[in-house]
Amino acid sequence: MTHTWVLVVVAAVLLLPLIFTGLICVAIPLVGFGVLMYHAYEIRFKNPVSDVWIDRDHLLMERRGESERIHLGDVRSLNLSTYNNPPYCVMELNVPCRWGDTVTWFPSRLSSFGEMPTLIKELQKRIDRARDDQTR
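In this convention, every chain numbers its residues from 1, walking through the sequence in written order. Only residues with pLDDT of at least 70 get local features here, since the model is predicted, and only at 80 or more are side-chain atom pairs given and counted; chain-wide, interface and lining totals rely on the full set of residues. As a rule here, side-chain values cover all heavy atoms of the structure and leave hydrogens and water aside.

Novice: Lay out the overall build of the chain with the relevant residues and their values.
Specialist: Tallying secondary structure elements over the chain gives three helices and nine strands in all. Secondary structure is summarised from DSSP: a helix means a run of H or I of at least four residues, a strand means a run of E of at least two, and numbering begins at the N terminus for each. For the chain, the N- to C-terminal ordering of α and β elements is α-α-β-β-β-β-β-β-β-β-β-α. Think of it in three bands: with a 1.4 Å probe and only protein chains considered, a residue is buried below 20% of the maximum accessible area for its type, exposed above 50%, and partly exposed in between. Evaluated residue by residue, the chain yields a buried proportion of 25% over its 136 residues. Only heavy atoms enter the contact rule, under which two residues are in contact if any of them lie within 4.5 Å. Long-range pairs, those at least 24 residues apart, make up 38% of the contacts in the chain between residues at least 6 apart in sequence.

Set out below in structure tokens:
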């Protein structure tokens, strides 16, 4: 049940002083910026996973002492964002794990496969191979 009268009272208490003092011109852009930053935070860092390992046809993920084992065939998409610092990888799952159906993790810049794009390409190959094995 929503209490619209509470929202009206809070808006009136906050907006009236801002309008009369002229600070509304500053408050609206700041609120808009805050909303944008919150959404950027939610998209990128909603469920960051601290460690990720590949074990044959499974991904082993660890976050805050909890671990999850995800079959590579259950990965819907894998996207690497290299234009951010630090670069991060967003993985969407067909079958949700304990952290939801979207998992974010920060791959190390160098791995046994070489640089980060090479690591992600190798992981994508293994995901495609696992999907092919599941359909057979």
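Novice: Explain the sheet that holds strand β2 (residues 51–55) to me, and be specific about the residues and the numbers.
Specialist: Paired strands, as defined in this entry, are two strands with at least two bridges between them according to DSSP. Spatial strand order, β2-β3-β4: three strands in an open sheet with antiparallel pairing. The open sheet has two edge strands with one neighbour each: β2 and β4 (66–71). Between one strand and the next, the sheet's axes are offset by a mean angle of 20°, whatever the strand orientation. To get an axis, a line is fitted to the C-alpha atoms, and for a helix only the part in contact is used. The angle between two axes follows their N-to-C directions and goes from 0 to 180 degrees.

Novice: Run through the sheet that holds strand β5 (residues 75–81), naming residues and quoting values.
Specialist: Spatially, four strands are ordered β1-β7-β6-β5 in an open sheet, and the strand pairing comes out mixed. The strands lining the two open edges of the sheet, one partner per strand, are β1 (48–49) and β5. The sheet contact formed by strand β6 (residues 88–97) and strand β7 (residues 100–105) spans five bridges and is antiparallel. Bridged to Val90 within β7 is Thr104.

Novice: Let's hear about a nonpolar patch on the surface: which residues, and what values?
Specialist: Patches here are clusters of residues that have more than 30% relative accessible area and form no salt bridge, with a 9 Å joining cutoff for like charges and a 5 Å cutoff for nonpolar side chains (Val, Leu, Ile, Met, Phe, Trp, Tyr). Only the protein chains shown count as cover for residues, and all accessible areas are computed by the Shrake-Rupley method using a 1.4 Å probe. A pair is scored as a salt bridge if a Lys or Arg side-chain nitrogen falls within 4 Å of a carboxyl oxygen belonging to Asp or Glu. Taken together, the side chains of Trp5, Val6, Val9, Val10, Val13 and Leu14 present a nonpolar region at the surface, about 580 Å² in accessible area. If you trace the backbone, Leu14 turns up in helix α1 (residues 4–21). Accessibility expressed as a relative area gives 53% for Leu14, which makes it exposed.

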